[in-house]
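Observations on the three-dimensional arrangement
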Amino acid sequence: MSQRMTMDEVLKEYGVPLIKLDLHATRSELLKLREQLIAIRDVSGAKEQGYLDIDCKLYIDVDDIDQYLAGTRDTVGEIYAFPEDIKSYKE
């Protein structure tokens, strides 16, 4: 069985995530992400566009699947994105 990081461990090691990516995202998380991506476009005079670039590995084991199927977890796994994951792309 893999050892999943608790949210407290994530906060301590990486800081506050900008958004948690799984099959669900809250309206406020999406609006916050949208605002940051649009800011890149606005600051660059529409010469660049913002995008989210997350370099990660997602580990899912049998225990994760069993818990999800039993209804004790909302998702099989989560990916957290942080402000430094926001990148810009020149058009």
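Residues numbered from 1 in each chain as written. Predicted model: local features only at pLDDT ≥ 70, side-chain atom pairs only at ≥ 80, totals over all residues. Heavy atoms only, no water.

Brief notes about a nonpolar patch on the surface
Operational definition: Patch criteria: residues need more than 30% relative accessible area and no salt bridge. Like-charged residues are merged within 9 Å; nonpolar side chains of Val, Leu, Ile, Met, Phe, Trp and Tyr are merged within 5 Å. Computed by Shrake-Rupley with a 1.4 Å probe, the accessible areas treat only the displayed protein chains as cover when residues are assessed. Criterion for a salt bridge: a side-chain nitrogen of Lys or Arg within 4 Å of a carboxyl oxygen of Asp or Glu. Secondary structure elements follow DSSP: runs of H or I no shorter than four residues count as helices, runs of E no shorter than two count as strands, and numbering proceeds from the N terminus. Only protein chains enter the area calculation, which uses a 1.4 Å probe; residues under 20% of their type maximum are buried, those over 50% are exposed, and those in between are partly exposed.
Where nonpolar side chains cluster on the molecular surface, the patch consists of L58, I60, I65, Y68 and L69 and spans about 480 Å² of accessible area. Within the secondary structure, I65 is located in helix α3 (residues 62-70). On the accessibility criterion, I65 (40% relative accessible area) is partly exposed.

So, the packing of aromatic side chains
Aromatic ring pairs are reported here in terms of the distance separating the ring centres and the angle at which the planes meet. Put simply, the rule is: Aromatic pairing here means that ring centres of Phe, Tyr or Trp (its six-membered ring) are within 6.5 Å. Orientation follows from the plane angle: under 30 degrees is stacked, over 60 is edge-to-face, and everything else is tilted.
For the coordinates displayed, the defined rule picks out 1 aromatic pair. Ring plane angle 35° and centroid distance 5.8 Å describe the contact between Y14 and F82, whose orientation is recorded as tilted. In this pair, Y14 sits in helix α1 (residues 7-14) while F82 sits in the loop between β3 (79-81) and β4 (86-90), placing the two residues 68 residues apart along the sequence.

Considerations on unusual backbone geometry
Both trends apply: most residues other than glycine have a negative phi, and most peptide bonds are in trans. Of note in this structure, A46 is not a glycine but carries a positive phi near 65°. Tracing the backbone through its elements, the reader meets A46 in the loop between α2 (27-43) and β2 (48-52). The class of A46 is partly exposed, set by a relative accessible area of 49%.

Some thoughts on the pattern of salt bridges
With the rule as written, the count across this model stands at 1 salt bridge. Between R41 and D42 there is a salt bridge, and its shortest N-O distance comes to 3.5 Å. With relative accessibility at 40%, the residue R41 sits in the partly exposed group.

Structural notes on the environment of Q36
The cut-off we apply is this: Contact criterion: two residues are considered in contact whenever any of their non-hydrogen atoms come within 4.5 Å of each other.
Relative to the elements of secondary structure, Q36 occurs in helix α2. In this structure the C-alpha to C-alpha distance between Q36 and P83, which are 47 residues apart in sequence, comes to 8.8 Å. Setting aside residues no more than four positions away along its own chain, Q36 makes contact with L18 and I86.

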